[in-house]
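# Structure assessment
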Amino acid sequence: MADPESGARTAEELEAARKLFAGPCDFVAGAASFESLPAIALPEVAFAGRSNVGKSSLVNALTGRRSLARTSSNPGHTQQINFFDLGGRMFLVDLPGYGFARVSRSLKESWQDLAAAYLRGRPTLKRVCLLIDARHGVKDADRETMKNLDRAAVSYQLVLTKADHLKPAEIARAVTAAEAVAREYGAAHPRALATSSEAGSGIAELRAEIASVAEA
């Protein structure tokens, strides 16, 4: 079991999670409306964050695939809620980003409405990984999302991305700062995780965290 004080995972937990994420993972549905969401079937862990935070890259890194979730140099590439079946054990859910997407205001609002409806009405949603750029920390738009998750009573965890751009001491400070913000919100998990899709750091720990959530 994980150390309750440090949150560290055992070698057995890390290996079990590695095997889970190394197994089959298939795109099963892309929902552009609440009515088109797939039937409730498996536990779900969703990924949310600003449009340029690297959600799709993180999903690809977790599953060890280059193009499972489509990535783009243009923020806002994910324009629907994408569901991926991880070995018949759980769904990984890639939500539309918020913030910098170069689209019309009406389209942004429709994405936000869809994401909000999903978060409120999905009883199998076990946790949201709220991605934060490690270089910039929690922004106002992230805090607004945290407030919405609190209102929806959805458990979520701050996951720092692009940690390879920081030095080790800077990563530690970024994690400490994120955890201080998390303590301000009732539904936030107290522990933040630092990751890098490019370097692979923190990926094994996040896999184990997600696997434990699905099995809880």
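Residues numbered from 1 in each chain as written. Predicted model: local features only at pLDDT ≥ 70, side-chain atom pairs only at ≥ 80, totals over all residues. Heavy atoms only, no water.

Scanning the chain from terminus to terminus reveals six helices and seven strands. Shown N-terminal to C-terminal, the secondary structure of the chain runs as helices and strands in the order α-β-β-α-β-β-α-β-α-β-α-β-α. The long-range fraction of contacts in the chain, counting pairs at least 24 apart against all pairs at least 6 apart in sequence, stands at 73%. Accessible area of the chain: about 10,600 Å², with a carbon and sulfur share of 50%. (Helix = DSSP H or I, 4+ residues; strand = E, 2+ residues; numbered from the N terminus. Contact = heavy atoms within 4.5 Å. Areas by Shrake-Rupley, 256 points an atom, 1.4 Å probe, with all protein chains shown as cover.)

A few words now on the pairing of strand β5 (residues 125–133). A large share of β5 lies buried, amounting to eight of its nine residues. Pairing geometry for strand β2 (residues 44–49) and β5, over six bridges, is parallel. Of the residues in β5, the one forming a bridge with A48 is L130. Both β5 and strand β6 (residues 156–161) contribute to a ladder of six bridges, which runs parallel. When the bridges of β6 are listed, V128 appears paired with Y156. Handedness of the crossover is the feature at issue here: the chain leaves β5, passes through helix α4 (residues 140–151), returns alongside β6, and the resulting connection is right-handed. (Buried < 20%, exposed > 50% of the residue type's maximum accessible area, 1.4 Å probe, protein only. Pairing = 2+ DSSP bridges. Right-handed = clockwise from strand over helix to strand, strands pointing away.)

As a further point, take the side chain of D142. Position of D142 among the secondary structure elements: in helix α4. Buried within the structure, D142 lacks any salt-bridge partner; its nearest side chain of opposite charge belongs to R50, at an N-O separation of 5.1 Å. Discounting chain neighbours no more than four positions away, the residues touching D142 are R50, Y98, L130, L131, I132 and G137. (Lys, Arg positive; Asp, Glu negative; His and termini not counted. Salt bridge = Lys/Arg side-chain N within 4 Å of Asp/Glu carboxyl O.)

Right, let's get into helix α6 (residues 203–215). Because each turn of an α-helix spans 3.6 residues, side chains separated by three or four positions end up pointing in the same direction. The terminal C-alpha atoms of α6, which comprises 13 residues, lie 19 Å apart, in line with the 18 Å expected from a rise of 1.5 Å per residue. Buried within α6 are the following residues: I203, L206, R207, A208, E209, I210, A211, V213 and A214. (Expected span 1.5 Å × (residues − 1).)

This next bit is on the nonpolar core. Among the nonpolar cores identified, the biggest contains 36 residues, and F83, Y118 and V128 are the most heavily contacted of them. Not counting residues up to four positions away in its chain, the partners in contact with Y118 are F34, L37, E44, A46, I81, F83, V93, L95 and L125. Formed by 27 residues, the second largest nonpolar core is a distinct cluster that contains A61, M90, I203 and I210. (Core = buried A, V, L, I, M, F, W, Y, C linked by side-chain atoms within 4.5 Å.)

To continue, consider the packing of helix α1 (residues 11–22) against α6. Axis angle and axis distance: for two packed helices, these are the angle between their axes and the distance between the axes, and together they describe the pair. Between α1 and α6, the shortest axis-to-axis distance is 8 Å and the interhelical angle comes to 85°. Overall, the two elements α1 and α6 adopt an arrangement that is roughly perpendicular. Residue-level inspection shows E13, L14, A17, R18, L20 and F21 of α1 in contact with α6, the latter providing A204, E205, R207, A208, I210 and A211. Of the residues in the contact of α1 with α6, the class split is eight nonpolar, no polar and four charged. (Axes fitted to C-alpha atoms, helices over the stretch in contact; angles between N-to-C directions. Parallel < 35°, antiparallel > 145°, perpendicular 65-115°, else oblique. Nonpolar A, V, L, I, M, F, W, Y, C, P; charged D, E, K, R; others polar.)

One pass over the structure, following the stated rule, counts three aromatic pairs. On the numbers, 6.0 Å between centres and 80° between planes, the contact of F83 with Y118 is edge-to-face. Placement of the pair is F83 in strand β3 (residues 81–86) and Y118 in helix α3 (residues 105–120), with a sequence separation of 35 residues. Accessibility assignment for this pair places F83 and Y118 in one class, buried. Linked through ring pairs, F83, F91 and Y118 together constitute an aromatic cluster. (Phe/Tyr/Trp six-rings, centres within 6.5 Å; stacked < 30°, edge-to-face > 60°.)

A few words now on α1. The end-to-end C-alpha distance of α1 is 16 Å, a good match for the 16 Å that twelve residues give at a rise of 1.5 Å each. Along α1, the positions that sit buried rather than exposed are E13, A17, L20 and F21. Each buried residue of α1 sits inside an arc of 90° when the element is viewed along its axis, so together they form one side. The outward face of α1, more than 90 degrees from its buried face, is lined by the exposed residues A11, E12, K19 and A22. (Arc of directions from axis to C-beta.)

With that settled, consider unusual backbone geometry. Phi at A153 is positive, roughly 55°, even though this residue is not glycine. Note that A153 resides in the loop between α4 and β6.

Under the definition given, this model contains nine salt bridges. Between E13 and R9 there is a salt bridge; the shortest N-O distance is 3.6 Å. Residues R122 and E44 are paired through a salt bridge, measuring 2.9 Å at the closest nitrogen-oxygen approach. In this pair, R122 sits in the loop between α3 and β5 while E44 sits in strand β2, placing the two residues 78 residues apart along the sequence. Of the two residues, R122 and E44, neither departs from the other in class, the shared state being buried. One continuous salt-bridge network, built from bridges that share partners, spans R9, E13, R127 and E209.

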